[in-house]
Structure formats: C-alpha cells, structure tokens
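Structure at a glance
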Amino acid sequence: MSKEKQPITNEEALAYHSEGKPGKLSILPTKPLMTQRDLSLGYSPGVAIPCLEIHKDPSKAYDYTARGNFVAVISNGTAVLGLGNLGALASKPVMEGKAILFKRFADIDGIDIEVDTRDVDEFVNCVKLLGPSWGGINLEDIAAPECFIIEQRLRELMDIPVFHDDQHGTAIICAAGLINAAHLTGRKLEDVKVVVLGAGSAGIACLELIKRMGVKHENALLVDKTGVIYEGRTEGMNQWKSAHAVKTKKRTLEDAMEGADLFLGLASKDAVTKEMVKSMAPNPIIFAMANPDPEIRPEDVRAVRSDAIIATGRSDYPNQVNNVMGFPYIFRGALDVRASQINEEMKIAAAEAIAALAREEVPEEVSAAYGGRQMEFGPEYIIPAPFDPRLMTTVPVAVAQAAMRSKVARKPIIDITAYKKELAARRDPTANSLQHIFDKIRENPQRVIFAEGEEEKIIRAAVQWRDNGYGKPILVGRVERIHASMKKMGVADYQNIEIANAAVSKHVDEYIDYLYPRLQRSGYLYRDVARMVKNDRNIFASCMLQLGHGDAMITGVTRNYNVSRENITRVIDVKPGEHLFGTSMIVAKGRTLFFSDTTVQELPNAEQLAYITIKTAELARKMGHEPRAALLSYSTFGNPMGERADRLRETIHILDEMKVDFEYDGEMSASVALNGELLALYPFCRLTGPANLLIMPGLHSAHISAQLMQELGDGVTVGPITQGLSRPAQIVQMNANISEILNLTALAAFEAVMSQEAKVSPMSKAPKKKAKA
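Just so it is clear, the model here is predicted, and its values are computed rather than measured. (Residues numbered from 1 in each chain as written. Predicted model: local features only at pLDDT ≥ 70, side-chain atom pairs only at ≥ 80, totals over all residues. Heavy atoms only, no water.)

1. Concerning the pairing of strand β10 (residues 309–312)
Rule in force here: Relative accessible area decides the class of each residue, using a 1.4 Å probe on protein chains only: under 20% of the type maximum gives buried, over 50% gives exposed, and in between gives partly exposed. Only DSSP runs of H or I with at least four residues qualify as helices, and only runs of E with at least two residues qualify as strands; both kinds are numbered from the N terminus onward. Pairs of strands are assigned from DSSP output, requiring at least two bridges between the strands. Seen with its strands pointing away from the viewer, a crossover is right-handed when the path leading from the first strand over the helix to the second is clockwise.
The alternating pattern of β10 places Ile309 and Ala311 on one face and Ile310 and Thr312 on the opposite face, and all of these are buried. Where strand β9 (residues 285–288) meets β10, four bridges bridge the pair, whose relative direction is parallel. In the sheet register, alanine 288 faces β10, and the bridge partner there is threonine 312. A crossover links β9 with its parallel partner β10, the connecting element being helix α13 (residues 298–304), and its sense is right-handed.

Structure below.
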C-alpha cells in the first residue's frame, strides 16, 4: 500500500474556495464582443435569426446555442456527501466541484443548479421546466428514496439524458471491476453468489445493474442496517428494497457472507469482520467501497484471505472504484450523439469498456505518468487508474455506439475513427501529469528547503506539503518568528517541520568552507562569504541543498527571479555541458503551451536555441505532451527575409543534423504557429498541427509574451521552470499563490526523485517516434 494521503485542513479548504474569485466557476464568451457589429450579431438584432430557426426546428438549438455541450448538475442538498441534509445552498460547493470535473475530464460545460425544496413534485416540476436550457442533467446528493422517484419521473418527462451519479456512476465502475474479477477467478456472473451491504441509492443501483448483466435474483442478498432483506420482511421496507427480497433463511450479514463469492459494500466503516471474510467462498471478491473508510481494510482481508481480490473507494489502495472514470465520459458519449436518455445498454457498454481497458496492455507513457507503477491485468489491477487518459477515447465511443444500437441517438456518428480523434483533441494531459508527479512524490517523500521560511505563504505551502504526505519541509528562518506566524495562522502541529536557522546551525562552518573556494577569485574575502552564508537565506538554503541536507529547494516570493538565480548559482553549478534557462508552461483555452527561454538567455545563439528546444521538448513529454516546436520570429519562412532570422534558420539545420525525435520547424510568426488554418497555407511545414512549444528568439520577446499571457489571459501558469541546474531548485514568482508555489515545489521534488532513482538503477529509455520528415 502506498502512503496514505493526510486529511485536508479546514483552513486549506476554505482558502482554496475563497482565493481570487470566490468559488470554482466562471463563464467566458466563445464569440468576439469587441465592436458594435459583434454586439449586433451576438444580441439584438442578429440574435433574432437563430431564435426563428430554433422555433421552426427545435433541434437547431444544438447548432446555434451551447446546449449540446451543457450539463446541469442539480441537487436539493438532502444528502450532501456523508454530511446529510445540509440544504440546497450548502450543497453549492459540491455541485460547483462536480461541474469542474465535467470540464476537467471530458471538456463538458457544467452549471450548478440548487433547488431549495424537499418536495418531489416541486423539484421535478422545476427541473422539467428548465430542461430546454441543457443537453443533459446530472442529479447529485439527493436522499433516498426520493432520488429514485425524481430520476424516474424526470426520465419519463424529458427527452435529454437524466443520470443520478450517486446511483449509476458507482454501479458502472463496480460492474467493470466485477467483470474482470469474475474473469480472473473463473466465474460466470449467473453463478456468482452476491451480498450487497447498503440499501441506499448506490447499493440498489449496483445490484440492479449486475442483475441486468447476468447475476441471478435468487443469488443476490441485499442487506441493510436491519439485516437481510427477505420475502415477508416488513420492518424498514420500501418498494425498492422489496424488489430485491428473496426467499432465504439468512437474517444477518454474518449469515449472508457465509459461502458468498462477492461482497459489495456501500455502507459504513468496519461493518465487516475478518471472521465474515473467512467464511466466504474460495477466491472471494470484496469491494469495500465506503468512503473515506471501507467496511473492512484490505490489510485485514489479506490477514485472513490471501486469495481475495479487493477493491475500495480509496486512491491509496489498488483498484479504486472512482466515479470520475464514469460520469464525464458517459455524458460525453451521450451528448455527442444527442441521446434522448442514458439507458441500461449505455451503462453496460460503459462498464464493459472500462473493464476491457484494464485488460489491455498499459502503454509505457501511462505507466511512466504514474511514476513507473507496474500496471498489469491481475488481482491488483482490475480497474484502470482514474487518470488514465485512454478513458477519454474509450468510454464515450462505447456509450455512443450503444446509444445508436438502442435507437436513442438522434445524431448518429458515421466515422468512429474521426470521432476518436476529436475526443483525443479535447484531452489536455497537463493536469494528469501534474497529478501523477504529486503521486510519485507521495510514494517517495522529499525534504524540501523553503528558503523564505518566515513568509506566511511559504509556511502555508510547507504545512500543506507535510499534511499531504509529500515529505518533510525545512523552513529557513528564526524559530520564534516561524512559530509565532504558525500560531497566528492557527497551525498547532509543529511535527515533521524542520526549522533551519543560519545563526545557530551546526553546518554554517561547513557551508562557508565549501563556498569560499568558489568565490575567492571573484573578489570575496572569507569574511564576506561568512556574512553571505549567515545572512542570505538563499545562499544558506543553496548550501544546504548542495551539501545534501535537503533534496530540493524553493525560493522567490521576496526577491525577483534574477536576484534569486544569481544567489543560487553562486553555490550550485549548471550541469556540465548544459545551459541555464527557464520555461513557462501556460494552460489556457483548452491547450498547454511551453514558452522558452523566459528567464536567462538574452540573445541565444543557434546552438543555445537548439539546446533550449530539445530540453523544452523533454519537459513537454514529461508533462504528457508530444512536442511540436515552433521557432518564432517576425517573419515566416523567409517572408520577409531578414538577418535577425538567420539564427533561427541555423537552429533548424542543427536540429536536422542531430536527428531529434520530435516535430519542429521555423522560422514562423506566432499566428502561423498557433493557427491551424494559417499553418495549412504552408504545406511543406513539418508541424502536423499547431505548435505547443514556442521557442522565442530572445529573452525580451519570451518574457514579455509569457507575462502578457499570465496577466491578460484566463489560464494557469506553471513556472517559470528553471532548467539546467545540477541540483533541484526552483524560483517562484514574487506574486505566486500557494497553489503555484506547490506546483513548482513538486517539480523540484520530482526532479530529486528522478535523480535518486537514476543513481540506483538508470532507467532504460524506449525508442521514440522519429520526427516527420
């Protein structure tokens, strides 16, 4: 088992939701609104024309409005997470969160709708009347049994997909795992004896779906807090439980578990004992899915049954049953064929597609993105990893095809191959890659030196680093100042946070003796170096890193980049034969761009530009992108021809001679590099699509472009990422927020992990694709 993720603090959660714009959603226009003409087209009088077209043909709403990619996430707040009935307004953070998951995983625009009523008729009527606004409806956090009634009535009344994820999302992932577990244990679903603990929305949905897939009614026992649901029972019953009552003499969970092949837990912590597991059939299948603590922990199962296949709802155990593998992609497929509903055939198709993906050979890049974790079909890999990028090109296709087969698709897809390419284009792997980097660090915790340890933002970042299990933070500063700040912030736990104060450090003389020989011929006396080590936290922190008293270093919030870089390079060398430079990674408008060099080389020569291009391509691959590098200029392929573009043309020749394994070309303007239509005017260009690596001709253009994108764009910036140092150190921007600090800290720590692993066992690299000729 990997290291368990530590709970998020209340303060951390509140800060995340309140920082910058409150909440997690905003709305951006997709059409230009710059001129009077734009306004006339976007609103009156131009807007009247599509209104009239939709009036004549309602299906035109998918062509002229955002309806076709729009899902409403709707709740009344009667069952918010595990917190109970908090009411509609208090459910809003959860619904906003669900909306951003739709966008993050399937590029679907979601909007949260909180309906302030517990009355089923009022709720149904409200949603029904608002229905024309959206292409689909995701019901969320609605208490049972009302959720069953609401979903059924809305499905009958509406001609768009209505899907209660708390029921069906869990059921679909659970069914996928069951398909593979049954395959591994040589069972047929019709022979499997099942116990389902939990008769709420998820438990009943799981049972209904696996019955549709082949499990026999008489072989399935549903158990609630009262006991087994059997024919004739009257206590605590309703029509949904009664539908699954069976003839049996078994009355308790302990009775039910004896001889069972499969246990599905959707109840509460520690509901199952080791003795119950012992009594199960050979090779038992145990899905203990209660969150955050399962009905029985996997290590307790293993203590009594080494032959068990186990799944949980947690990310720190193998086989995580995570709804995020289902609902975004199911809606993606349903929306793309304009399905009138999500039916059982589509749910089963999704489950089978997820199961089949786990049986496929895992590509090396997927395994590498998960820190080299061995992922091979077997008892500990029956469900794909939740961040597997192949889900996007697998599950929607299966769902769309099932919708077409079952005659609920109103816009069938003719070319499935082209559809898969469209799905792949919607996927941006950057967030996946960052997540995998954090996961890798949690498995290999690192000691990170925070040079500006007395700053409040740095302390908060350090506390989060510790609490998330990423390693031990080392704060450089004075103990009394740091403890006073922590107390003021409400941080009471000082454990596993080291404080390094140059004034009292036992290593000061060691650092001075290291640094003096490096600087003595640069005009520095011994006393000058001693003063620097004792008084300059960047120098002190760099010495700590260089001499192995930390694994990685972060600085920058109190000094600008150039000053911080100068301090660090006094202590830490550039890697032999390499160059120091910076890359800014910017995620905006659904794509990720890498700008280089944004920090160091003022006017790089052709050799330096070639080096920068190669190293930026390596970073892009690390972040999950196949590099397409454009060497930017004011001219495009010699038009106009100018001397200042000669360096770029020479760079192309150098890359040609080096036979690099990624796409590159230049010189070209930014508009040509980023616009596919303009790029198509140059059929000889080597780029197969818009560039994602923008190699700038000089520091002025690079720095200005990246800063403009950050300040005026609506994206996220990671960096600048410093490349070329012989030790893992990163410099954040002075206005960096905690999230930005943690992202760069993770990159520094990840570099440390990779360096440590390389020293133990150098990783062999598989041959990569050759560049386009």
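2. Focus: the environment of glycine 82
Here glycine 82 is to be found in the loop between β1 (70–75) and α5 (92–106). Each C-alpha atom, one on glycine 82 and one on isoleucine 142, is 12 Å from the other, the two residues being 60 residues apart in sequence.

3. Observations regarding the pattern of salt bridges
So the rule is basically this: Definition used for salt bridges: Asp or Glu carboxyl oxygen within 4 Å of a side-chain nitrogen of Lys or Arg.
Tallied over the entire structure, the rule returns 41 salt bridges. Glutamate 114 is the partner of lysine 92 in a salt bridge, and the nearest nitrogen-oxygen pair spans 3.9 Å. Of the two residues, lysine 92 is situated in helix α5 and glutamate 114 in strand β2 (residues 109–114); the sequence distance between them amounts to 22 residues. We classify lysine 92 as partly exposed; its relative accessible area is 29%. The exposure class of glutamate 114 is partly exposed, given its relative accessible area of 23%.

4. Quick notes on helix α17 (residues 391–405)
Note the threshold: Each helix should span, by expectation, one fewer than its residue count multiplied by 1.5 Å. Pairs of residues are marked as contacts when any of their non-hydrogen atoms sit within 4.5 Å.
Taking 1.5 Å per residue, 15 residues should reach 21 Å; α17 reaches 21 Å between its end C-alpha atoms and fits that length. Among the residues of α17, those classed as buried are Leu391, Met392, Val395, Pro396, Val397, Ala398, Val399, Ala400, Ala402 and Ala403. Those residues of α17 that are buried are in contact with α5, α14 (327–336), α15 (344–359) and α18 (416–426). With its phi angle positive at about 65°, lysine 407 sits one or two positions after the end of α17.

5. Things to note about the sheet that holds β2
Quick note on the threshold: Comment: axis = line fitted to C-alpha atoms, over the contacting stretch for helices; angle = value between 0 and 180 degrees taken between N-to-C directions.
Strand order in this open sheet of four strands is β2-β1-β3-β4, and the pairing throughout is parallel. Only two strands of the sheet have a single partner each, and these edge strands are β2 and β4 (162–164). Strand-to-strand twist across the sheet, computed as the mean angle between neighbouring axes with direction ignored, equals 25°. The sheet contact formed by β1 and strand β3 (residues 136–139) spans four bridges and is parallel. Counted as the bridge partner of valine 73 is asparagine 138 from β3. Docked against the sheet, helix α7 (residues 146–157) engages β3 and β4, running at close to 165° with respect to β4. Helix-sheet contacts for helix α8 (residues 165–185) involve β3 and β4, and the interaxial angle to β4 is about 75°.

6. Considerations on α5
Relative to the 21 Å expected for 15 residues at 1.5 Å per residue, α5 spans 21 Å between its end C-alpha atoms, a close match to the ideal helical length. The complete set of buried residues in α5 reads Val94, Met95, Glu96, Gly97, Lys98, Ala99, Phe102, Phe105 and Ala106. Taken from the residues just after α5, aspartate 107 is the one with a positive phi, measuring 55°.

7. Quick look at the packing of aromatic side chains
The test is simple: Pairs were defined over the aromatic rings of Phe, Tyr and Trp, the Trp ring being its six-membered one, requiring ring centres within 6.5 Å. Orientation was assigned from the angle between planes: stacked under 30 degrees, edge-to-face over 60, tilted for the rest. As a reminder, the over-ring test applies to NZ of lysine and CZ of arginine, requiring each to be within 6 Å of the ring centre and within 35 degrees of the ring normal.
Summed over all chains, the structure comprises 13 aromatic pairs. Centroid distance tyrosine 511 to phenylalanine 540: 5.4 Å. Interplanar angle 70°. Geometry classified as edge-to-face. Of this pair, tyrosine 511 sits in helix α22 (residues 508–519) while phenylalanine 540 sits in helix α24 (residues 537–546); the two residues are 29 residues apart in sequence, bridging distant segments of the chain. Judged on exposure class, the residue tyrosine 511 and its partner phenylalanine 540 are both buried. Taken together, a centroid distance of 5.5 Å and an interplanar angle of 50° make the contact between phenylalanine 637 and tyrosine 682 tilted. Here phenylalanine 637 is found in the loop between β17 (628–632) and α27 (646–658), whereas its partner tyrosine 682 is found in the loop between α29 (676–679) and β19 (693–695), with 45 residues between them in sequence. We classify phenylalanine 637 as partly exposed; its relative accessible area is 22%. Each member of the aromatic cluster is reached from another via a ring pair, and the members are Phe102, Phe163, Phe327 and Phe331. In this arrangement the basic side chain of arginine 104 is found over the ring face of phenylalanine 105, its NZ or CZ atom lying 4.4 Å from the centre. For the cation-ring pair, arginine 251 lies above tyrosine 230, with the distance from its terminal atom to the ring centre recorded as 3.6 Å.

8. Remarks on the confidence of the model for the protein
Put simply, the rule reads: A residue's pLDDT is simply how confident the predictor is in it, with values from 0 to 100.
Averaged over the protein, the pLDDT score is 88; the fraction of residues at 70 or greater is 94%. Across residues 1–5, where pLDDT falls below 50, the model places 13 contacts with residues more than four positions away in sequence or in other chains. Scored below 50 in pLDDT, residues 762–773 makes 16 contacts in the model with residues more than four places away or belonging to other chains.

9. Points about unusual backbone geometry
A cis amide bond links alanine 144 with the next residue in sequence, proline 145, at an omega value of 5°. Examined against the element boundaries, proline 145 turns out to sit in the loop between β3 and α7. Cis geometry is found at the peptide bond from serine 596 to aspartate 597, where omega equals -10°. Mapped onto the secondary structure, aspartate 597 falls in the loop between β16 (591–596) and α26 (606–622). Located in the positive-phi region is asparagine 283, a residue other than glycine, with phi close to 50°. Structurally, asparagine 283 can be placed in the loop between α12 (274–278) and β9. Residue asparagine 319 is not a glycine yet carries a positive backbone phi of 60°. For asparagine 319, the position within the fold is in the loop between β10 and α14.

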